[in-house]
Amino acid sequence: MSRRSGQNGCIQEDGNWYVVRFWKDVAGQEKRQRVRERICPTSGAGKLSASERKRRAKEIIEASGADTVEYFEKVILSNHGITFREQAEIWLERMKNRKRRPVAPSTLENWERCLRIWLNPNIGDMPLGSIANLALRNLGTTMVKGGLGASAIKSYTNAVKMVVASATNEEGDALYPRKWNHDFIDLPEDRNPERPSVTADVVTAIVSAPNKKLYRMIYTLCASAGLRFGEALGIDIKSISPDCTTIKICQKAWRGQIHDYLKSENGKREIDLHPTVAAMLKDFVGERDSGLLFSTRTGRQLSQQNVLKRSLHPILTDLKQPKMGCHAFRRFRITWLRKNLVPEDLITFWLGHAGKTVTDTYSKLRDDADFRKQVAEKVGLGFELPSEHAVVGPNGPKIEVGPVAELAVSY
C-alpha cells in the first residue's frame, strides 16, 4: 500500500483535452492498470492554468480512491476470492518451507490428513471469505456426528483458523481478520484427556519381563530419563559420554528418518543417568562406537509401531494393563522426580520443557553437570531392575514411593 499512496499523476495533452494518467488497482487483475481522466479543455471555455490543472489532477486521483486503503483492500479481496481448499494448499506449502520455527514432518502429515479426510470434503469449496464463526460451528457439528473426539476436533478447527489467517495482502496484513466466538461455535471440551501412566510396580514388571535385551534397554531409558519415544530411538552412540552417564539429545527418529530438530528448542539437552542405568547402558553399547543406539540387526532405524506391537503391548496384556505408548514412562519419570522434590527447573531441563517464569531463565542449574549427576544418583529410579543389573550398596536403585523431603536440603 505504501507504493500506492501519494500519487500526483502525469498531466498530458490528449487531443483537445488535458488528462491525468495514474495507476489504479483493478478487480480481477494482479497488476495495476494505467488509467486516465480528463482535467479540462486545452483551449476555450473551461481551460485551467498549470497550477489549477495540478490541483484538479490531485482531486481526480483522490476521488477515484486509488490511494485509499479501503479501495485497495476491496480490490485485493476480489482478487483473492479463492476457496478454502485453494488457500489450504498455499498454507500447507508455506508451512513446509517455513524457516522460522520449522514444522515437524509428523505435524505436516497430520494436517494433510485432516485436510484430506475432514476439512476439504466439508468446507473445501466454500469461499475463504465466508469461513467464519457459523461455518466453524457447522463443521464442529459434522465432526461430532462423525465420531471425532474433542481433542481431534480442537486440533482440526485450529487448522481452519490458521488457513484463514494465512491469506494476507502484500503488507502481511490479514485479508480476513476474524474474532472467533467460541461460545457461539460451541465445540466440545476435552474435560478428561486420556494421559495414561504407569506405576512403579508396572515399570518393574515391564523391564523384568522375558524380553529382548534391546527392548529392555529402551524401556529402562524411557522410564529412568523421561525420554520421548522418538528421542530414544534417535540416540546416536556418539552422543553418549564414554562412561555412559550422560546422553546428549539432539535428534529424533521418525518413520525411517532422522530429524536434527526436536519438538522445541528446549528439547536439545543433556540427560543424566543413574549409575545403575549407566552401567547397564555401557554393557548394552559394548564395543560399538557409532550408529544408532537402538537399531535392527541390519542397522536400520527401529519402528515405533513395531516396538509397541511386538513387545510392549503383549507385556501390558499379560500384566492386565491397558494398552499405552512409551510416553507413559515419561509421565512416570516426571511424577517420580516431583515426589522426591527435585528442583523444578532441573526437571524441565531433563524433560526438555520450557521454563514458565523469568526466574527459570535466570537459573543455571542445567549448567552444573556435577550437581545434576549428584541429583540423578540420589533421586534413584523409582522402580527395580532385574537382578543381573541391580547394584548392591549406595548406587542401587531407590524404590521409595513417597516424597523424600531430606533430598531437598541435601543436594
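Our subject is the structure listed above.
Quantities reported herein were computed from a predicted structural model and do not represent experimental measurements.

> Would you mind showing me how to read the overall build of the protein here?
On a plain count of helices and strands, the protein comes out with 17 helices and seven strands. Burial statistics for the protein: of 411 residues in total, 43% are counted as buried. Here the contacts in the protein between residues at least 6 apart in sequence split such that 65% fall between residues at least 24 apart. Accessible surface, the protein as shown: approximately 22700 Å² in total, 50% of it carbon and sulfur.

> How should the side chain of Arg330 be read in this particular structure?
Secondary-structure assignment places Arg330 in helix H13 (residues 327-339). This buried residue, Arg330, is left without a salt bridge; Glu231 holds the nearest opposite charge, at 4.6 Å. Within the structure, the side chain of Arg330 is placed 2.5 Å from the backbone oxygen of Gly226, a separation counted as a polar contact. Within the structure, Arg330 has its side chain in polar contact with the backbone oxygen of Leu351 (distance 2.6 Å). Leaving out residues up to four positions away in the same chain, Arg330 has contacts with Cys222, Gly226, Leu227, Arg228, Arg269, Leu351 and His353.

> Please explain unusual backbone geometry as it appears in this structure.
Comment: phi is negative for the bulk of residues other than glycine, and the bulk of peptide bonds are trans. Within the chain, Cys244 stands out as a residue other than glycine whose phi angle is a positive 65°. As for its placement among the helices and strands, Cys244 is situated in the loop between helix H10 (229-233) and strand E4 (246-249). You can call Cys244 buried: its relative accessible area is 5%. Positive phi, normally seen in glycine, also occurs at Leu341, with a value near 60°. Position of Leu341 relative to the elements: it lies in the loop between H13 and helix H14 (344-351).

> Honestly, the packing of aromatic side chains in this entry has me stumped. Any pointers?
Here a ring pair, both rings aromatic, is described through the centre-centre distance and the interplanar angle of the planes. This model, assessed by the stated rule, comprises four aromatic pairs. Note that Arg53 overlies the ring of Tyr18, its terminal NZ or CZ placed 3.8 Å from the centroid.

> Quick question: what am I supposed to make of the packing of helix H9 (residues 213-225) against H13 here?
Axes are the key here: two packed helices are described by the angle between their axes and the distance separating the axes. Put simply, H9 and H13 touch, their axes get as near as 6 Å, and they point 35° apart. In contact with Tyr219, Cys222, Ala223, Ser224 and Ala225 of H9, H13 contributes Phe329, Arg330, Phe332 and Arg333. Looking at the contact of H9 with H13, its residues break down into six nonpolar, one polar and two charged.

Basis of the calculations
Residues numbered from 1 in each chain as written. Predicted model: local features only at pLDDT ≥ 70, side-chain atom pairs only at ≥ 80, totals over all residues. Heavy atoms only, no water. Helix = DSSP H or I, 4+ residues; strand = E, 2+ residues; numbered from the N terminus. Buried < 20%, exposed > 50% of the residue type's maximum accessible area, 1.4 Å probe, protein only. Contact = heavy atoms within 4.5 Å. Areas by Shrake-Rupley, 256 points an atom, 1.4 Å probe, with all protein chains shown as cover. Lys, Arg positive; Asp, Glu negative; His and termini not counted. Salt bridge = Lys/Arg side-chain N within 4 Å of Asp/Glu carboxyl O. Polar contact = N/O pair within 3.5 Å; in protein donor to acceptor, adjacent residues only side chain to side chain. Phe/Tyr/Trp six-rings, centres within 6.5 Å; stacked < 30°, edge-to-face > 60°. Lys NZ or Arg CZ within 6 Å of the ring centre and 35° of its normal. Axes fitted to C-alpha atoms, helices over the stretch in contact; angles between N-to-C directions. Nonpolar A, V, L, I, M, F, W, Y, C, P; charged D, E, K, R; others polar.

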